[in-house]
Amino acid sequence: MLVGYVQTEPRFGQVSGNLQRALDLLEDAPGELLVLPELFTTGYLFASAAELHDLAEPADGPCVRAVAAHCATRGRWVVGGFAERTPQGVYNSAFVVGPDGLVGVYRKAHLFNDEKRWFLPGDLGFPVFEIGGVRLGVLVCFDWCFPEAARSLALAGAQIIAHPSNLVLPHAQNAMVTRCLENQVFVITANRVGVDDRGAAGVLRFTGRSQVACPDGTRPLVAPELGECHDALEIDPGRADQKWITPRNHVLEDRRPDLYGGGSSSG
Ligand code: ACM
């Protein structure tokens, strides 16, 4: 399967321009599965709940419909992050769209910093979607910091994890190598570049370096820190079904949940 990322530079609030730019890059990009960044049409640094509400759209809105039209003509799958407006509020979500339209939605479980002021935390768990015989899971950006999220997807059979991101810390790209090793899966991180300068609401610079990481801990594709780009490479998703990391160590069956305990968030 030819898989890759599209690294974009959204301009805050310019939803239709950002969407068109992403579609132009997609049009130019080879690949059967391509991943776009988190919130790639809206930008990231919201100043109020009202602003987010106005920029958000439902899962059957113009953004998903436009990407679905692209996928129908190109016969491919695309994952991308969007602000999902629902009757109960706005989620930081990602769509999975294919040649036949919307396959499903994942809602970010672990909200980062000020996202907790604006977004609802994800309520859909960690679903695994079937795309052309391949099992695909999705994490959004800061989900990287919670190994349980990638583990849940691996236990549910995901072979590839799509990871739309708006990374501001330098850690996730390295952490995803560990997520790949400990779960024996592929991870495609699509990060954005550029700056959201929102004046009094703050300034954030995003770190680029989108990547594809593999079950053997290698990163055959790494994008630059600056600039829009796309890249793709051929992988064998079936490699992720092989969970033996030594002849005597299976990364899922060797777990010791009897020792781990339930844990407590109150610490
Ligand atoms: C992040 O979760 N967008 C840092």
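You'll find the structure just up there.
Residues numbered from 1 in each chain as written. Predicted model: local features only at pLDDT ≥ 70, side-chain atom pairs only at ≥ 80, totals over all residues. Heavy atoms only, no water.

(A) Fine view of helix α6 (residues 172–183). The first and last C-alpha atoms of α6 sit 16 Å apart over 12 residues, in line with the 16 Å expected at 1.5 Å per residue. Those residues of α6 that fall on the buried side of the exposure criterion are Ala172, Gln173, Ala175, Met176, Val177, Arg179, Cys180 and Asn183. Buried positions along α6 lie against α5 (147–155), β8 (160–164), β9 (186–190), β11 (203–207) and β12 (211–213). Looking one or two places after α6, you find Gln184, whose phi comes out positive at around 55°. (Helix = DSSP H or I, 4+ residues; strand = E, 2+ residues; numbered from the N terminus. Expected span 1.5 Å × (residues − 1). Buried < 20%, exposed > 50% of the residue type's maximum accessible area, 1.4 Å probe, protein only. Contact = heavy atoms within 4.5 Å.)

(B) Representation of helix α3 (residues 62–74) within the structure. With 13 residues, α3 should reach 18 Å at 1.5 Å per residue; the first-to-last C-alpha distance of 18 Å fits that figure. Inspection of α3 places Cys63, Val64, Val67, Ala68, His70 and Cys71 among the buried residues, and these make up the whole buried set. All buried residues of α3 lie within an arc of 160° about the axis, which places them on one face of the element. Residues of α3 that are exposed and point over 90 degrees away from its buried face: Arg65 and Thr73. Looking at the packing, one finds that the buried side of α3 touches α1 (15–28), β3 (77–86), β4 (89–98) and β5 (101–107). (Arc of directions from axis to C-beta.)

(C) Structural view of the layout of surface pockets. In this structure, the largest pocket spans a volume of roughly 290 Å³. Contributing to the lining of the largest pocket are Phe146, Pro147, Glu148, Arg151, Glu182, Arg255, Pro257 and Tyr260. Put simply, the parts of the chain that give the lining of the largest pocket at least two residues each are α5 and α7 (257–260). Element by element, the count of residues in the lining of the largest pocket is highest for α5, at three residues. (1 Å grid on protein atoms, 1.4 Å probe; cavity = no way out; pocket = protein on both sides within 12 Å on 5 of 7 lines; lining within 4 Å. Points joined across faces, edges and corners; volume = space filled by probe spheres on them.)

Function cannot be read off these values alone, since they describe shape.
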